[in-house]
Amino acid sequence: MQATVRKLSINMKGKKGVIILGSARGDGNTRKIVNMIRANHKNLHFINLCEKKIGYFDYEFRNQDDDFIPLMSEILEYEVLIFATPVYWYSMSGILKNFFDRITDLLEIRKDLGRRLNGKTMMSISCGSNAEILDSFSIPFSETAKYLKMNYWGHTHTWINAGKIPVEVELQLEKFLIKLR
Ligand SMILES: Cc1cc2nc3c(=O)[nH]c(=O)nc-3n(C[C@H](O)[C@H](O)[C@H](O)COP(=O)(O)O)c2cc1C
């Protein structure tokens, strides 16, 4: 069945939003989901984490001169942060988890930036190989948002079937985005 083209709407209450892709490939399944969302929300800025050089968290902050701090400065220009990640071994991707680990830098050596996360909004989207997703998947997002005193606007799970976004997923995404109003 051909998916009906629907106008998805994100009401960010006038806030600027950014969608942050955490896939190990820039043109994979999660990117398809991101592309569909962006096609309907042209003002949504896009960041592809796999194009950035972001080292692992280091207690001595030896990676502080990599792309992370400049990238965070860019992200902090936005009020709504939407993380889109594939499901890799029941969890967010390693690339995205690494990004989350590095937020620790903002609590230690760049508190000026860390404080600016306070009051921003987080959302999360997963993309797996099928409809199954464990309830635990979204916990790192919701708890991180809580810890950072961010608002959490929820999680939705998607998947790709034979290279296409199933109608069911499209409807689900639409509902998820409408919920933001
Ligand atoms: C390393 C790896 C681990 C995966 N683990 C899971 C999993 O635990 N559950 C699942 O449903 N799919 C799993 N998959 C399938 C991916 O979630 C799925 O193909 C996804 O749509 C890939 O998105 P991408 O093209 O953006 O990487 C895994 C794929 C990879 C490469």
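Residues numbered from 1 in each chain as written. Predicted model: local features only at pLDDT ≥ 70, side-chain atom pairs only at ≥ 80, totals over all residues. Heavy atoms only, no water.

Visitor: I'd like a description of the pairing of strand S1 (residues 17–21), backed by residues and values.
Guide: A large share of S1 lies buried, amounting to five of its five residues. The alternating pattern of S1 places Gly17, Ile19 and Leu21 on one face and Val18 and Ile20 on the opposite face, and all of these are buried. Bridging between S1 and strand S3 (residues 80–86) involves five bridges; their strand directions are parallel. Paired with Leu21 across the bridge in S3 is Ala84. In terms of strand pairing, S1 meets strand S2 (residues 45–48) through four bridges, oriented parallel. Bridging across to S2, Leu21 finds its partner in Asn48. Traced from S1 through helix H1 (residues 29–40) to S2, the parallel crossover comes out right-handed. (Buried < 20%, exposed > 50% of the residue type's maximum accessible area, 1.4 Å probe, protein only. Helix = DSSP H or I, 4+ residues; strand = E, 2+ residues; numbered from the N terminus. Pairing = 2+ DSSP bridges. Right-handed = clockwise from strand over helix to strand, strands pointing away.)

Visitor: Give me the site of the ligand: which residues, what numbers.
Guide: Around the ligand, the structure places 13 residues, and the nearest of them are Ser23, Arg25, Thr30, Val87 and Tyr88. Ser23 has a polar side-chain atom sitting 2.8 Å from an oxygen atom of the ligand. For the ligand, an oxygen atom lies 2.9 Å from a polar atom in the backbone of Tyr90. In the complex, 72% of the free accessible area of the ligand, which totals 640 Å², lies under the protein chains. Counting residues per element, the ones that place at least two in the shell around the ligand are H1 and strand S4 (121–128). The residue makeup of the shell around the ligand, split by class, is six nonpolar, six polar and one charged. (Near = heavy atom within 4 Å. Polar contact = N/O pair within 3.5 Å; in protein donor to acceptor, adjacent residues only side chain to side chain. Areas by Shrake-Rupley, 256 points an atom, 1.4 Å probe, with all protein chains shown as cover. Nonpolar A, V, L, I, M, F, W, Y, C, P; charged D, E, K, R; others polar.)

Visitor: Which residues make up the confidence of the model for the protein chain, and what are the values?
Guide: Per-residue confidence for the protein chain gives a mean pLDDT of 91, with 90% of residues at or over 70. Note on residues 1–11: pLDDT is under 50 here. Beyond four places in sequence and across chains, it has 29 contacts. (pLDDT = per-residue confidence, 0-100. Contact = heavy atoms within 4.5 Å.)

Visitor: Got a sec to walk through the sheet that holds S2? Specific residues and values, please.
Guide: Taken in spatial order, the five strands line up as S2-S1-S3-S4-S5 in an open sheet, and their pairing is parallel. Looking at which strands have only one partner, the edges of the open sheet turn out to be S2 and strand S5 (151–159). Adjacent strand axes in the sheet meet at a mean angle of 20°, parallel and antiparallel pairs treated alike. Relative to S5, helix H6 (residues 167–178) is tilted by about 175°, and along the sheet it contacts S4 and S5. (Axes fitted to C-alpha atoms, helices over the stretch in contact; angles between N-to-C directions.)

Visitor: Hey, could you go over the environment of Ile37 for me, with residue numbers and the actual values?
Guide: With respect to the helices and strands, the residue Ile37 is situated in helix H1. Between the C-alpha atom of Ile37 and that of Leu177, which follows or precedes it by 140 residues, the distance is 9.2 Å. Residue contacts for Ile37: discarding those within four places in its chain leaves Ile19, Leu44, Ile125 and Leu173.

Visitor: For the packing of aromatic side chains, give the residues involved together with the corresponding values.
Guide: Evaluated as defined, the whole model comprises ten aromatic pairs. Put simply, the rings of Phe68, Phe83, Phe99, Phe100, Phe137 and Phe141 touch in pairs and so form one group of aromatic residues. Between the NZ or CZ atom of Lys16 and the centre of the ring of Tyr78, over which it lies, the distance is 5.2 Å. (Phe/Tyr/Trp six-rings, centres within 6.5 Å; stacked < 30°, edge-to-face > 60°. Lys NZ or Arg CZ within 6 Å of the ring centre and 35° of its normal.)

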